[in-house]
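# Summary of the model geometry
Here is what each chain is made of, one letter per residue.
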Amino acid sequence: MTVGAPALLLLDGDTPAALASALTLPIGAGIGLVMQSTTLIAMNSAGPRDMGAANGTLTRARTVGGSLGIALPGTLYAARMRDGLAARLGPAEADRLTKGGELTPAQLPGQWTPVPTPPGWR
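Criteria and thresholds
Residues numbered from 1 in each chain as written. Predicted model: local features only at pLDDT ≥ 70, side-chain atom pairs only at ≥ 80, totals over all residues. Heavy atoms only, no water. Helix = DSSP H or I, 4+ residues; strand = E, 2+ residues; numbered from the N terminus. Contact = heavy atoms within 4.5 Å. Areas by Shrake-Rupley, 256 points an atom, 1.4 Å probe, with all protein chains shown as cover. Expected span 1.5 Å × (residues − 1). Bend = angle between axes of the 7 residues up to and from the residue. Buried < 20%, exposed > 50% of the residue type's maximum accessible area, 1.4 Å probe, protein only. pLDDT = per-residue confidence, 0-100. Patch = residues over 30% accessible without salt bridge, like charges linked within 9 Å, V, L, I, M, F, W, Y side chains within 5 Å. Salt bridge = Lys/Arg side-chain N within 4 Å of Asp/Glu carboxyl O. Axes fitted to C-alpha atoms, helices over the stretch in contact; angles between N-to-C directions. Parallel < 35°, antiparallel > 145°, perpendicular 65-115°, else oblique. Left-handed = near helix turned anticlockwise from the far one by under 90°. Nonpolar A, V, L, I, M, F, W, Y, C, P; charged D, E, K, R; others polar. Polar contact = N/O pair within 3.5 Å; in protein donor to acceptor, adjacent residues only side chain to side chain.

In this section: the overall build of the chain. When helices and strands are tallied, the chain shows four helices and zero strands. In the chain, 17% of the contacts between residues at least 6 apart in sequence involve partners at least 24 apart. Total accessible area on the chain stands at roughly 9,800 Å², and carbon and sulfur atoms take up 66% of it.

This is how it looks when you write it as structure tokens:
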């Protein structure tokens, strides 16, 4: 996982799918090895009576850790989004989209085709 996480920094919009898959392999293998080991350690450390509690505690810790672990990249992504939008769409559009504005299909002439509503649907 220590090698795989920094390797993901090499990904961008032009990265071929095969290379993207190869770069995600080390972190996926690392996570898989850690998850199984922690489960075995927790189950072997608990007595038969406490195995359910140990498994529940382990699951809760993973859930909280995953929530906190995704919050940081999400925050970094949101902080950089305005700059990326400004570079591609211009500063005015970036401000509009990042300050609560919305992009509707009507604002994209020629790039959006409405899907007909099936009969009987409202």
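The terminal C-alpha atoms of helix H2 (residues 17-45) lie 42 Å apart, and with 29 residues this matches the ideal 42 Å at 1.5 Å per residue to within 8%. Maximal helix bending in H2 amounts to about 35°, located at leucine 25; proline proline 26 follows within four positions. Where H2 is concerned, the buried positions are Leu23, Ile27, Gly30 and Met43. Buried residues along H2 sit in contact with helix H1 (4-7) and helix H3 (51-89).

So, about H3. Given a rise of 1.5 Å per residue, 39 residues ought to cover 57 Å, and the 55 Å separating the end C-alpha atoms of H3 matches this to within 8%. Most pronounced at arginine 80, the bend in H3 amounts to some 35°. Those residues of H3 not exposed but buried are Ala54, Leu58 and Ala86. Backbone geometry just downstream of H3 places glycine 90 in the positive-phi region, at approximately 105°.

Close inspection of predicted coordinates is inappropriate in any region flagged by low pLDDT. Of the residues in the chain, 87% have a pLDDT of 70 or more, and the chain-wide mean is 83. For the chain, helix H4 (residues 91-98) is the element with the lowest average pLDDT, namely 79, and H2 is the one with the highest, namely 88.

Taken together, Met1, Ile31, Val34 and Met35 make up a surface patch of nonpolar side chains, about 320 Å² in accessible area. Within the secondary structure, methionine 1 sits in the segment before H1. What makes methionine 1 partly exposed here is its relative accessible area of 45%.

Between H2 and H3, the least distance of the axes is 9 Å, while the angle of their chain directions is 150°. As summarised for this structure, H2 and H3 are arranged roughly antiparallel, according to the angle between their axes. Between H2 and H3 lies a crossing of right-handed hand. Each of Met35, Thr38, Thr39, Ala42 and Met43 in H2 lies in contact with H3, whose residues at this interface are Met51, Ala54, Asn55, Leu58 and Arg62. For the contact of H2 with H3, the class distribution of residues is six nonpolar, three polar and one charged.

Before going further, it helps to examine the side chain of threonine 15. Along the chain, threonine 15 turns up in the loop between H1 and H2. A polar side-chain atom of threonine 15 sits 2.8 Å from the main-chain amide nitrogen of aspartate 12. Those residues within four positions of threonine 15 in sequence are excluded, and the remaining contacts are Leu10 and Ala20.

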